[in-house]
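Residue-level listing of the chains:
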Amino acid sequence: MFSSLRKLFRPGADPREARRPLWNAVVAAARAPRRGREGGGPDTLDGRFDMISLVLALVLHRIDDDPGQALAGVQLTELFVDDMDGQMRQIGFGDMVVGKQIGRMVGALGGRLGAYRAADGSAELKAALVRNLWRGKVAPDAGLAHVLAGIAELRAGLAAMPVETLIAAGHLPGPRA
C-alpha cells in the first residue's frame with residue numbers, strides 16, 4: 001500500500017528499481033536448495049525469511065565497505081521491506097498486522113546485520129546461526145558446517161567483487177560446485 005502511494009507522489013521512475021536485479025539475486029541465492037535445505041535449515045516462512053536475511057546481510061555488509069554506495073544499500077533494504085509487505089498481504093495478513101510484522105522484520109534484519117558481522121567460523125557466528133536459522137534448537141553438525149562454508153564462500157566472492165560491479169551487475173558470485 002505505502003509503496004503504491006509513494007509511486008503516486010513521486011515523479012518519474014522509481015530509482016529503487018535499478019536495484020531490483022540485485023534484490024532478485026539475493027532472493028534466488030537464499031532460496032537455492034544448497035543454502036537452506038541441504039544445510040538442514042527449515043523450509044518454512046520463518047526459515048525462508050532467515051535465509052533471505054542472512055544473504056541480504058552479507059550483501060549489505062559488502063556495500064557498506066564503499067561509503068559512496070550507501071544509497072544502494074538503502075534502496076536494497078527498501079526493496080526487502082516492500083517485498084516482505086507484499087508477501088504478507090498475499091498470504092492474507094491485514095493492514096493492522098502487516099505494519100507490526102514489518103516493524104519486527106526490520107528489527108530482526110537489524111539484529112542479524114550486527115550478528116552476521118562475526119568472523120567466519122567464530123563461536124559468535126555459529127551462535128547467531130543457531131539462534132536464527134534453527135530458532136535456538138540444536139543444529140545438526142553437518143548442517144551448521146554447510147551453512148558456515150556457504151557464508152565463507154559468499155563472503156569471499158563478494159570481497160573479490162568491486163562494490164560498484166556488485167551493484168551494477170545485479171548478481172552475486174556463483175556457488176561452489
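Since the model is a prediction, treat every value here as computed from it, not as a measurement.

Analysis parameters
Residues numbered from 1 in each chain as written. Predicted model: local features only at pLDDT ≥ 70, side-chain atom pairs only at ≥ 80, totals over all residues. Heavy atoms only, no water. Patch = residues over 30% accessible without salt bridge, like charges linked within 9 Å, V, L, I, M, F, W, Y side chains within 5 Å. Areas by Shrake-Rupley, 256 points an atom, 1.4 Å probe, with all protein chains shown as cover. Salt bridge = Lys/Arg side-chain N within 4 Å of Asp/Glu carboxyl O. Helix = DSSP H or I, 4+ residues; strand = E, 2+ residues; numbered from the N terminus. Buried < 20%, exposed > 50% of the residue type's maximum accessible area, 1.4 Å probe, protein only. Phe/Tyr/Trp six-rings, centres within 6.5 Å; stacked < 30°, edge-to-face > 60°. Axes fitted to C-alpha atoms, helices over the stretch in contact; angles between N-to-C directions. Parallel < 35°, antiparallel > 145°, perpendicular 65-115°, else oblique. Left-handed = near helix turned anticlockwise from the far one by under 90°. Contact = heavy atoms within 4.5 Å. Nonpolar A, V, L, I, M, F, W, Y, C, P; charged D, E, K, R; others polar. Expected span 1.5 Å × (residues − 1). Arc of directions from axis to C-beta.

Student: Could you clarify how one ought to interpret a nonpolar patch on the surface in this entry?
Tutor: On the surface, a nonpolar cluster with roughly 500 Å² of combined accessible area is contributed by Leu 45, Ile 91, Phe 93, Met 96 and Val 97. Position of Ile 91 relative to the elements: it lies in helix H4 (residues 70-91). Taking relative accessible area as the criterion, Ile 91 reaches 49% and is therefore assigned partly exposed.

Student: Is there a simple way to explain the packing of aromatic side chains in this structure?
Tutor: Note on aromatic pairs: each is described by the distance of the centres and the angle between the planes. Under the defined criterion, the tally for this structure stands at two aromatic pairs. Considering the side-chain rings of Trp 23 and Phe 80, the 6.0 Å spacing of their centres and the 75 degrees angle between planes classify their relative orientation as edge-to-face. Placement of the pair is Trp 23 in helix H2 (residues 20-31) and Phe 80 in helix H4, with a sequence separation of 57 residues. By relative accessible area, Trp 23 is classed as buried at 2%. For Phe 80, a relative accessible area of 0% translates into the label buried. Site record: aromatic cluster; members linked through ring pairs are Trp 23, Phe 49 and Phe 80.

Student: Before we go on, may I ask you to explain the packing of H2 against H4 in this structure?
Tutor: Working note: a packed helix pair is described by the angle between its axes plus the distance between those axes. Two numbers describe how H2 lies on H4: the axes approach to 10 Å, and their chain directions differ by 60 degrees. One element, H2, and the other, H4, form an angle in the oblique class. Once H2 is placed against H4, the crossing between them reads as right-handed. Between H2 and H4, the residues in contact are Arg 20, Leu 22, Trp 23 and Val 27 and Leu 76, Leu 79, Phe 80, Asp 83 and Met 84, respectively. When the residues that make up the contact of H2 with H4 are grouped by side-chain class, the tally is seven nonpolar, no polar and two charged.

Student: What should I look at first to understand helix H5 (residues 95-115) in this one?
Tutor: An α-helix turns once per 3.6 residues; consequently, residues spaced three or four apart project the same way. For H5, built from 21 residues, the straight-helix expectation of 30 Å at 1.5 Å per residue is met to within 8% by its first-to-last C-alpha distance of 30 Å. Those residues of H5 that fall on the buried side of the exposure criterion are Val 98, Ile 102, Met 105, Leu 109, Arg 112 and Ala 115. Down the axis of H5, the smallest arc covering the buried residues is 145 degrees, so these residues share one side. Of the exposed residues in H5, the ones pointing more than 90 degrees away from its buried face are Met 96, Lys 100 and Arg 104. Residues of H5 that are buried in the fold lie against helix H3 (45-64), H4 and helix H6 (123-133).

Student: Honestly, the pattern of salt bridges in this entry has me stumped. Any pointers?
Tutor: Pairing between side chains of opposite charge can happen when the charged atoms of each approach one another. Evaluation of the coordinates by the stated rule reveals 12 salt bridges. Measuring nitrogen to oxygen at the nearest pair gives 3.5 Å for the salt bridge that ties Arg 135 to Asp 46. Residue Arg 135 is found in the loop between H6 and helix H7 (141-160), and its partner Asp 46 is found in helix H3; the two are separated by 89 residues along the sequence. Since its relative accessible area comes to 41%, Arg 135 is described here as partly exposed. In this structure, a network of salt bridges that share partners links the residues Asp 14, Arg 16, Glu 78 and Asp 82.

Student: In this structure, what is going on with H6? I would like to understand it.
Tutor: Taken together, the buried positions of H6 are occupied by Leu 125, Ala 128, Leu 129, Asn 132 and Leu 133. Projection of H6 onto a plane perpendicular to its axis shows the buried side chains occupying an angular sector of 100 degrees, all on one side. Buried positions along H6 lie against H3, H5 and H7. Of the residues trailing H6, Arg 135 is marked for its positive phi of about 55 degrees.

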